[in-house]
Each structure stands twice: as C-alpha cells, then as structure tokens.
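Each chain is listed here by its residues.
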Amino acid sequence: MITNGTPSSTNQDAVLGGALWKTLGAVKSGQAQPVSDETWFLRLGVTAANVVLADLKGFVAPGT
C-alpha cells in the first residue's frame, strides 16, 4: 500500500482494517510489511536504494 502523508489524512487505517485488505495473500500469510513511502517510492538515489536493500534483507533473512 502506498500512501503519502499521515495515516489519518490518507485513510490508511481504514484500508488496513478493511475486509478487502485482509483477503490479500501476502496479508493472510503475514508477509505484508510496512515500508517508508519516502525511501521506497520517491527515488532518493543510492542512499535510499541501500535502505531498500537492507529492508528486503531484513524481511527475507532476519537476523543475518
């Protein structure tokens, strides 16, 4: 889910608590992860790319 702004201004809480969200496969299996919108979607260059890679490593191989 991509939002820009505070959860209250984007209805993020309503979406995440809604019935449709709960039907998504990644959500059902516990694989949906929150990420920083700014880092992941605003193309902030190499520094952001390294943060995205670190996030992915943490999701796929936590503790390594």
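See above for the structure.
Not measured: the values here are computed from a predicted model.

Caption draft 1: View of the overall build of the protein. In terms of regular secondary structure, the protein is built from 6 helices and 0 strands. Going from the N terminus to the C terminus, the protein shows its helices and strands as α-α-α-α-α-α. Relative to the 2.2 N^0.38 estimate, which gives 11 Å for 64 residues, the radius of gyration of the protein is 14 Å and therefore markedly larger than a compact globule would have. In terms of its C-alpha atoms, the protein occupies a principal-axis envelope of roughly 35 × 25 × 15 Å. Counted over contacts in the protein with a minimum sequence separation of 6, partners at least 24 positions apart contribute 25%. When the accessible area of the protein is evaluated, it comes to approximately 4,900 Å², of which 61% is carbon and sulfur surface. Charge separation in the protein, taken as the distance between the mean sites of 4 positive and 4 negative side-chain charges, equals 11 Å.

Caption draft 2: Layout of a nonpolar patch on the surface. Residues Leu 53, Leu 56, Phe 59 and Val 60 make up a contiguous nonpolar surface patch of roughly 390 Å² in combined accessible area. Checked against the element boundaries, Phe 59 lands in helix H6 (residues 46–60). A residue is classified by how much of its surface remains accessible, and Phe 59, at 34% relative accessible area, is partly exposed.

Caption draft 3: Representation of the environment of Gln 31 within the structure. For Gln 31, the position within the fold is in the loop between helix H4 (25–28) and helix H5 (37–41). Measuring from C-alpha to C-alpha, the distance between Gln 31 and Thr 10 comes to 22 Å, with 21 residues separating the pair along the chain. Looking at Gln 31, its side chain comes within polar contact range of the side chain of Ser 29, at 3.2 Å.

Cut-off values and rules
- Residues numbered from 1 in each chain as written.
- Predicted model: local features only at pLDDT ≥ 70, side-chain atom pairs only at ≥ 80, totals over all residues.
- Heavy atoms only, no water.
- Helix = DSSP H or I, 4+ residues; strand = E, 2+ residues; numbered from the N terminus.
- Rg over C-alpha atoms; globule rule 2.2 N^0.38 Å.
- Contact = heavy atoms within 4.5 Å.
- Areas by Shrake-Rupley, 256 points an atom, 1.4 Å probe, with all protein chains shown as cover.
- Lys, Arg positive; Asp, Glu negative; His and termini not counted.
- Charge placed at Lys NZ, Arg CZ, Asp CG, Glu CD.
- Patch = residues over 30% accessible without salt bridge, like charges linked within 9 Å, V, L, I, M, F, W, Y side chains within 5 Å.
- Salt bridge = Lys/Arg side-chain N within 4 Å of Asp/Glu carboxyl O.
- Buried < 20%, exposed > 50% of the residue type's maximum accessible area, 1.4 Å probe, protein only.
- Polar contact = N/O pair within 3.5 Å; in protein donor to acceptor, adjacent residues only side chain to side chain.

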